[in-house]
Amino acid sequence: MERPCPLLTFFSFFFFFFLPCLSCPEYQKQALLQFKSSILAITSSLNYSSDYYDQLQSWNSSSSCCGWFEVECRGIPRVVIALYLTNLFTGLSPQPQVESTILAPLFHIRSLKNLSISNNDIQGEIPGVGFANLSNLVLLDMSGNNFWGSIPPQLFQLPYLRKLYLDDSSLTGKLLPDDEETEKYVISSTSKMQVLSLSDNKFSDGMLLSILCLKGLEFLDLSHNDLSMEIPTEIGNYLPNISTLALSNNRLTGRCETKQVGIAFSAHQLAYRRDSDLVVRFQGPDGFMRFQGLILSDNEFTGSLSPRLFSGLSLGVLALSRNNFSGELPKNIGFATFLWVLSLKENNFSRPIPQSLVQCLALHLLDLSKNRFSGHFPVFNPDTRLAYIDFSFNDFSGEVPTTFPIGTRFLALGGNKLSGGLPFNLTNLSNLERLELQDNNLTGELPNFLSRISTLQVLNLRNNSFQGSIPQSIFNLRSLRILDVSDNNLTGEIPKESGNLVGMIETPNLPSLIIETNHLAYSGEWFSLETQALLHYSDLIVNWKKLKQGISTDKLNIYTLLDLSNNQLSGQIPTSLGAPKALKLLNISSNKLYGKIPDSCHSRGPDQQYLYPRCPTAVARLLQYSGLGSNMGMGFLREIKNAVESKMVILFWILRLV
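Residues numbered from 1 in each chain as written. Predicted model: local features only at pLDDT ≥ 70, side-chain atom pairs only at ≥ 80, totals over all residues. Heavy atoms only, no water.

**As for the overall build of the protein chain**
(1) Moving on: Within the protein chain, the regular secondary structure consists of 11 helices and 41 strands.
(2) Moving on: For the protein chain, buried positions account for 53% of its 658 residues.
(3) Moving on: Expressed as a percentage of contacts within the protein chain between residues at least 6 apart in sequence, the contacts between residues at least 24 apart total 58%.
(4) Moving on: For the protein chain, the exposed surface amounts to about 28900 Å²; the carbon and sulfur share of it is 51%. (Helix = DSSP H or I, 4+ residues; strand = E, 2+ residues; numbered from the N terminus. Buried < 20%, exposed > 50% of the residue type's maximum accessible area, 1.4 Å probe, protein only. Contact = heavy atoms within 4.5 Å. Areas by Shrake-Rupley, 256 points an atom, 1.4 Å probe, with all protein chains shown as cover.)

What follows is the structure, encoded as structure tokens:
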């Protein structure tokens, strides 16, 4: 009698007993297929332009759901533990109405730990009874939908739920029911809740008060709601574990004890933003600062900064812009050696900047603009990381300083009382992209050595007292896309090399390295969620349509501008001015120029995203905004008339801009 083959026996055992354990349960597969059918029923009559449905082709009855797109399984036997069903209806036209009943099949998958159904525009009340079946949920993300009504209490009875995201809906009400017994049960069930994100809803004061019982919260976001209460001064005692608290864009009020600002909470980030009108007292058990980031911009705080704010080593971000702080900066500011961002813009600080600031070797962004600082500039170590420096609109005087790190990319010193000429040592800033020295008392000629700063993208020397001619070498700066030398005493002709500005000839498509990121990410010590704190770089102020207007830094990469107005320039308008076809604004008004518009002004770029004539002088509301007014009067008007008679392009663009 032949003995059975051991190898055959092994494979038989594997296929009949072990292999089925690698597949998801049949009832879970059928639940997901039913969910897919619900999606198809919605999308079948619409023009689906998203690639998402193509990915759902993997959802079929002939394969295990553990191998399907956005489905995660674990364990033996395998069960579905995570579904990532976001942006299901992106690209649909028209946008469908998706009822919350579409979620019903998912409530049969009781093994789920992570469920994300964000950004699907699902509407209706949250089906609390259905979610009660998902007792293993740890993370639930339903943000970016259109749920209304209150949050069902069943969500807070899920024993393992730690992270709940319900941002961007129309939810109202409060966290806890009025029934006292149910309230006690909910409190005990939610004591381990760590993350609760409810921004951009319609919650009122009752929600904030009810949340204060969640002692285990580490992250709370109630920004962009309808809160209007007086913020509890002892909020840190109610939420002892809080690490991120966002209450921006509400109408909260309170009283500020400025001597104790910054020593409450053992927090990583405290974010209050514009429209919250938040004034709150901070206090802690000792005088040591334990924040990694303190962001209180856009409020109404007053008083001076306490030296205790800088007594700890962990402070990484301090953003207090657009408040009413005053006085001098603490002399121990340099003790915060890990400080990476310091933004104190638009306050009433005064006196000299403490020299100890240069000890903050990790400093990357320094914005002290629009205060009343005076005295000497700090002498920075040339090898530090500091890249963004804004001292504009203060009371500094003397010559233009050059004691900045060689890695500086943004240097704004406009709106002070600086005098003298431009120093040659500016060429040491070999990474400089944006140099702003407008609205000072600078004199002398524009130096040729500016062309050595090959990285320059923005050069603003407006409203000084520079004399002499515009050096030809400036127009060899290949990266330059914004040049403003208006309101000076420049003479001579416009160099024919003005057509060499590659940055204005080619449509810009690469962002500045200065603005490679506007977000700071914080990773919590107890959870992996990253919160982002938006820090705004200063706008570039330009003369646009006879008004001073700001261009945000994050949009500078799409703007090109050449402003030579309000000088004593003379001679014929060079034909080379028609070469920079990507120009958004050309202003040569209030000079002594004559001649006609270059022929290239009569064409336009049909493939450009923003359609402008090649020469904006022909389009910007004729003379009012064109930047050619106040030159040679009626002679120039005749040239305009001739151009309109021969080409209707000018009239076309006038109508486009009206």
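From this point, the discussion proceeds with the structure in view.
**Comments concerning the nonpolar core**
(1) Moving on: Ranked by internal contacts, the top residues of the largest apolar core, which has 67 residues, are Leu342, Leu357, Leu366, Phe391, Phe404, Leu413 and Leu422.
(2) Moving on: For phenylalanine 391, the residues in contact, after removing those within four places along its chain, are Ile353, Leu366, Leu368, Ser369, Phe377, Pro378, Phe396, Phe404, Ala412, Leu413 and Asn416.
(3) Moving on: Residues Leu33, Cys66, Phe131 and Leu171 belong to the second largest nonpolar core, which totals 64 residues. (Core = buried A, V, L, I, M, F, W, Y, C linked by side-chain atoms within 4.5 Å.)

**Structural notes on the state of the cysteines**
(1) Moving on: Under the criterion given, the structure shown has 2 disulfides.
(2) Moving on: Each disulfide pairs two cysteine sulfurs, and for cysteine 24 the partner residue is cysteine 65, the sulfurs being separated by 1.9 Å. On the criterion of sequence distance, the pair formed by cysteine 24 in the loop between α1 (6-18) and α2 (26-43) and cysteine 65 in the loop between α3 (52-55) and β2 (71-74) is long-range, its members being 41 residues apart.
(3) Moving on: The disulfide partner of cysteine 66 is cysteine 73, and the gap between their sulfur atoms is 2.3 Å. Looking down the S-S bond of the cysteine 66 and cysteine 73 bridge, the torsion is -95°, so its handedness is left-handed. (Disulfide = S-S within 2.5 Å.)

**Regarding the sheet that holds strand β17 (residues 302-303)**
(1) Moving on: In spatial order, the strands read β17-β19-β21-β23; together these 4 strands make up an open sheet with parallel pairing. Looking at which strands have only one partner, the edges of the open sheet turn out to be β17 and β23 (372-373).
(2) Moving on: Bridge count for strand β21 (residues 348-351) against β23 is 2 bridges, and the pairing is parallel. Note on β23: the bridge partner recorded for serine 350 is arginine 372. (Pairing = 2+ DSSP bridges.)

**Remarks on unusual backbone geometry**
(1) Moving on: Residue proline 77 follows isoleucine 76 across a cis peptide bond; omega there is 0°.
(2) Moving on: As for its placement among the helices and strands, proline 77 is situated in the loop between β2 and β3 (79-84).

**Some points on the environment of threonine 402**
(1) Moving on: Relative to the elements of secondary structure, threonine 402 occurs in the loop between β25 (397-398) and β26 (410-412).
(2) Moving on: C-alpha separation for the pair threonine 402 and asparagine 425, spaced 23 residues apart in sequence, amounts to 6.2 Å.
(3) Moving on: In contact with threonine 402, not counting residues within four places along its chain, are Pro423, Asn425 and Leu426.

**Quick word on the pairing of strand β39 (residues 568-572)**
(1) Moving on: With 2 bridges connecting them, strand β33 (residues 489-492) and β39 associate as parallel partners. In the strand pairing of β39, threonine 491 is matched with glutamine 568.

**What about the packing of aromatic side chains?**
(1) Moving on: If you walk through the whole model with that rule in mind, you get 12 aromatic pairs.
(2) Moving on: Each ring, one from phenylalanine 377 and one from phenylalanine 391, has its centre 5.6 Å from the other, and the planes form 35°; the classification is tilted. Placement of phenylalanine 377 in the loop between β23 and β24 (388-390) and of phenylalanine 391 in the loop between β24 and β25 is noted, with a sequence separation of 14 residues between them. In terms of burial, phenylalanine 377 and phenylalanine 391 fall into one category: buried.
(3) Moving on: Relative to phenylalanine 404, the ring of phenylalanine 391 lies with its centre 6.5 Å away and its plane at 50°, an arrangement referred to as tilted. Taken together, the residues phenylalanine 391 in the loop between β24 and β25 and phenylalanine 404 in the loop between β25 and β26 connect sequence positions 13 residues apart.
(4) Moving on: Taken together, the ring pairs connect Phe377, Phe380, Phe391, Phe396 and Phe404 into an aromatic cluster. (Phe/Tyr/Trp six-rings, centres within 6.5 Å; stacked < 30°, edge-to-face > 60°.)

**A word on the sheet that holds strand β9 (residues 146-149)**
(1) Moving on: Across the sheet, 4 strands lie side by side as β5-β7-β9-β11; this open sheet has parallel pairing. The open sheet is flanked by β5 (98-99) and β11 (170-171), the only strands paired with a single partner.
(2) Moving on: Bridge count for strand β7 (residues 122-125) against β9 is 3 bridges, and the pairing is parallel. Looking at the pairing, glutamate 125 lines up with tryptophan 148 of β9.

**Re the confidence of the model for the protein chain**
(1) Moving on: Chain-level pLDDT for the protein chain is 75 on average; 66% of the residues reach the 70-or-more range.
(2) Moving on: Counting contacts from residues 10-20, a segment whose pLDDT is below 50, to residues more than four positions away or on other chains yields 4 contacts.
(3) Moving on: Scored below 50 in pLDDT, residues 508-535 shows 78 contacts in the model against residues more than four places distant or in partner chains. (pLDDT = per-residue confidence, 0-100.)

**Quick notes on the pattern of salt bridges**
(1) Moving on: A full pass over the atoms with the stated rule returns 6 salt bridges.
(2) Moving on: Put simply, glutamate 328 and arginine 351 hold a salt bridge, and the shortest N to O gap is 3.6 Å. Here arginine 351 lies in strand β21 and glutamate 328 lies in the loop between β19 (324-327) and β20 (341-343), a separation of 23 residues in the sequence.
(3) Moving on: Residue classification places arginine 351 among the partly exposed residues on the basis of a relative accessible area of 48%.
(4) Moving on: Among the ionic pairs, glutamate 497 bridges to lysine 496, the shortest N-O distance being 3.6 Å.
(5) Moving on: Residue classification places lysine 496 among the exposed residues on the basis of a relative accessible area of 60%. (Salt bridge = Lys/Arg side-chain N within 4 Å of Asp/Glu carboxyl O.)

**Comments concerning α2**
(1) Moving on: Taking 1.5 Å of rise per residue, the 18 residues of α2 would be expected to cover 26 Å, and the 26 Å separating its terminal C-alpha atoms lies within 8% of that figure.
(2) Moving on: Looking only at α2, the buried set comprises Gln28, Lys29, Ala31, Leu32, Leu33, Phe35, Lys36, Ile39 and Thr43. (Expected span 1.5 Å × (residues − 1).)

**Thoughts on the pairing of β19**
(1) Moving on: Taken together, the 2 bridges between β17 and β19 define a ladder with parallel strand orientation. Residue pairing in the sheet places glycine 303 in a bridge with phenylalanine 325 of β19.
(2) Moving on: Summarising the sheet, β19 and β21 pair through 2 bridges and their orientation is parallel. Looking at the pairing, serine 326 lines up with asparagine 348 of β21.

**Describing the environment of lysine 581**
(1) Moving on: Considering the arrangement of structural elements, one finds lysine 581 in the loop between β39 and β40 (585-587).
(2) Moving on: For the pair lysine 581 and threonine 560, spaced 21 residues apart in sequence, the C-alpha separation works out to 9.6 Å.

**Examining the environment of serine 38**
(1) Moving on: Along the polypeptide, serine 38 turns up in helix α2.
(2) Moving on: Using a relative accessible area of 25% as the deciding quantity, one classes serine 38 as partly exposed.
(3) Moving on: On a C-alpha basis, the gap between serine 38 and proline 105 in space is 9.4 Å, while along the polypeptide they are 67 residues apart.

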